[in-house]
Amino acid sequence: MPLGSPEEQAQSNAEARWEKFDPTLYVQENYSRLLSVDETIISIVRAHFSDHFRDISEPLVHGIDVGAGANLYPALSMLPWCARITLLDRSKSNLDYLRQQIKGHDDGWEKFWRKLSLDDAYATVPGGPWARLREVAQIEQGDILNPVDRRLRWQVGTMFFVAESVSTSTREFHCAVEHFLEKLAPGAPFAAAFMEHSEGYRLGGTWFPACDVSQADIGASIRRFTDSVQTYRIGKPGEVRPGYTSIILACGFR
Ligand SMILES: C[S@@+](CC[C@H](N)C(=O)[O-])C[C@H]1O[C@@H](n2cnc3c(N)ncnc32)[C@H](O)[C@@H]1O
């Protein structure tokens, strides 16, 4: 793969310019329209979580969305069952965006909720999703590569487009997967999304790194911690942006 400017070459998580991450532009480029790939992800994750929690009486649990960044739909996918959802991110600009959206969300997120609420568990959230999200969301600055309290365990978790996007390093990719899964209690359902063979991306004037991993690499990294996982190839190359081969979604149980 031809590499462009020096910043597009090897970049560790500490070197990447997270303080320059522009959440408004990121949302405009990635989530202003409901892509069919997001629709497919939502339908699989919706079924995965609602099938799991359907038979559990009073399932008010703690959830975590790792590297929440500027995407509300992973947190929304856990909403019906959570008394608390931790939205963890490293970037101050993304944390500011999340705080602002929790106070008063942009209409653009409604289309994602409408897809989730095709299932009754979502459609019947008391008070509706936005009041409930305000009640349960806890926004936290944190580093998935260096978690401070490794004893804490969550009962449901999501991590979307983070492990392969923290840096160009395969070691940091495996480390993000490891720490995400270590944050979950035994048996906890999880959903994690990845871009396969991503070349990284430019957001405004800033380059953000990615690590080149295949569906097999992703499955093997997760299977170090659980055999109870299924991976899906979703969408066509280039549907979200150029420079990756497929979206890989992994749904399983810790
Ligand atoms: C490609 S974005 C994905 C954002 C969002 N989850 C989504 O689905 O679109 C990667 C996110 O990971 C966050 N991130 C980068 N390094 C991190 C780290 N070490 N710990 C936690 N979050 C990190 C970034 O700030 C950014 O929000």
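Structural data are supplied above this passage.
**A word on the overall build of the protein**
Here comes step 1: Helix and strand counts for the protein come out as 9 helices and 9 strands.
Here comes step 2: Classification of the 254 residues of the protein by burial places 55% in the buried group.
Here comes step 3: Of the contacts formed within the protein by residues at least 6 apart in sequence, a portion of 74% connects residues at least 24 apart.
Here comes step 4: Within the structure as shown, the protein displays about 11100 Å² of accessible surface, and the carbon and sulfur contribution to it stands at 49%.

**Quick word on the pairing of strand 9 (residues 246-253)**
Here comes step 1: Here strand 9 lies mainly inside the structure; 7 of its 8 residues are buried.
Here comes step 2: Strand direction decides the pairing type here: strand 5 (residues 189-196) and strand 9, joined by 8 bridges, are antiparallel. Residue pairing in the sheet places A193 in a bridge with L249 of strand 9.
Here comes step 3: Pairing of strand 8 (residues 229-234) with strand 9, which is carried by 6 bridges, proceeds in the antiparallel orientation. The partner of Q230 across the bridge, within strand 9, is C251.

**Observations regarding the layout of surface pockets**
Here comes step 1: Approximately 690 Å³ is the volume attributed to the largest pocket.
Here comes step 2: Considering the residues around the largest pocket, the lining is formed by 44 residues, among which F21, Y26, F161, S165 and Y201 are closest to the centre.
Here comes step 3: Going through the elements one at a time, helix 1 (23-30), helix 2 (36-54), strand 1 (61-66), strand 2 (82-89) and strand 6 (201-203) are the ones with two or more residues in the lining of the largest pocket.
Here comes step 4: Split into classes, the residues belonging to the lining of the largest pocket amount to 23 nonpolar, 11 polar and 10 charged.

Criteria and thresholds
Residues numbered from 1 in each chain as written. Predicted model: local features only at pLDDT ≥ 70, side-chain atom pairs only at ≥ 80, totals over all residues. Heavy atoms only, no water. Helix = DSSP H or I, 4+ residues; strand = E, 2+ residues; numbered from the N terminus. Buried < 20%, exposed > 50% of the residue type's maximum accessible area, 1.4 Å probe, protein only. Contact = heavy atoms within 4.5 Å. Areas by Shrake-Rupley, 256 points an atom, 1.4 Å probe, with all protein chains shown as cover. Pairing = 2+ DSSP bridges. 1 Å grid on protein atoms, 1.4 Å probe; cavity = no way out; pocket = protein on both sides within 12 Å on 5 of 7 lines; lining within 4 Å. Points joined across faces, edges and corners; volume = space filled by probe spheres on them. Nonpolar A, V, L, I, M, F, W, Y, C, P; charged D, E, K, R; others polar.

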